[in-house]
Amino acid sequence: MGYLSLFTISFLAATILPLSSELMLATMLSVESYNRTLLILFSSLGNILGSVFNWVIGFYFIKLQDKKWFPFKEKQISKSSLWFEKYGKWSLLFAWVPVIGDPLTFVAGTMKTKILTFIILVSVGKIARYLFISLLI
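Keep in mind that this is a model prediction, so the values were computed, not measured.

Enquirer: Teacher, can you tell me more about the packing of helix H2 (residues 21-31) against helix H3 (residues 36-61) here?
Expert: The axes of two packed helices give the description: the angle between them and the distance between them. Where H2 contacts H3, the axes come no closer than 10 Å and their chain directions differ by 170 degrees. One element, H2, and the other, H3, form an angle in the roughly antiparallel class. Crossing hand, H2 versus H3: right-handed. Residues Ser21, Leu25, Met28 and Leu29 of H2 pack against Arg36, Leu39, Ile40, Ser43 and Asn47 of H3. Taken together, the residues of the contact of H2 with H3 break down into five nonpolar, three polar and one charged.

Set out below in C-alpha cells:
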C-alpha cells in the first residue's frame, strides 16, 4: 500500500496540487522498511505520468483555459511560456522545479511538443531529482 500511496502523491504533486512527493519519499526512505529502488521507481513513474497528464491538458484542452475551474492560471502559463520559448524543449529537464515545472509541462502540450521527446526529457529531470533525494537519505 505504501508504494501505491507514493505513486498517487507523486502523480498529484506533478499536477496543480501543492503536495510534496519529495517529503513522502524521504520519509519512506528513512523508515527503511521499503525497497529503495521501488520507491524511486514508483515516485518517478507517478510524477512523470502526472506531467503527461498536464501535457494532455495543454495539447487538447487549451481552449478551456478561460474557465474558472481550469487548473493553470494565465500568469503561470505566461511565465512558463516565456521559459519554454527561451530554452525550448530542453527546459523540460527542469519540469521538477517548483512553481514553474507543472505549468511548463502544460505549455509543452500547447506548443505541440512531441510526446516521446516530452517523456524522455521530463523523465531525465524527474528521475535525477528522486535519485538525488535518495542519496541524501
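On we go.
Enquirer: Would you mind showing me how to read H3 here?
Expert: Because each turn of an α-helix spans 3.6 residues, side chains separated by three or four positions in sequence point in the same direction. Counted at 1.5 Å a residue, the expected span for H3 with its 26 residues is 38 Å, and the 37 Å between its end C-alpha atoms agrees. Taking the backbone nitrogen of Thr37 as reference, a side-chain oxygen 2.9 Å away marks Asn35 as the first, capping residue of H3.

Enquirer: Before we go on, may I ask you to explain the packing of helix H1 (residues 2-13) against H3 in this structure?
Expert: Look at H1 against H3: their axes get within 7 Å of each other, and the N-to-C directions meet at 30 degrees. Taken as a pair, H1 and H3 cross one another with a handedness that is right-handed. Two secondary-structure elements touch here, H1 through Tyr3, Leu6, Phe7, Ser10, Phe11 and Ala13 and H3 through Leu38, Leu39, Phe42, Ser43, Leu45, Gly46, Asn47, Leu49, Gly50 and Phe53. Split by residue class, the contact of H1 with H3 holds eleven nonpolar, five polar and no charged.

Reading guide: rules and limits
- Residues numbered from 1 in each chain as written.
- Predicted model: local features only at pLDDT ≥ 70, side-chain atom pairs only at ≥ 80, totals over all residues.
- Heavy atoms only, no water.
- Axes fitted to C-alpha atoms, helices over the stretch in contact; angles between N-to-C directions.
- Helix = DSSP H or I, 4+ residues; strand = E, 2+ residues; numbered from the N terminus.
- Parallel < 35°, antiparallel > 145°, perpendicular 65-115°, else oblique.
- Left-handed = near helix turned anticlockwise from the far one by under 90°.
- Contact = heavy atoms within 4.5 Å.
- Nonpolar A, V, L, I, M, F, W, Y, C, P; charged D, E, K, R; others polar.
- Expected span 1.5 Å × (residues − 1).
- Polar contact = N/O pair within 3.5 Å; in protein donor to acceptor, adjacent residues only side chain to side chain.

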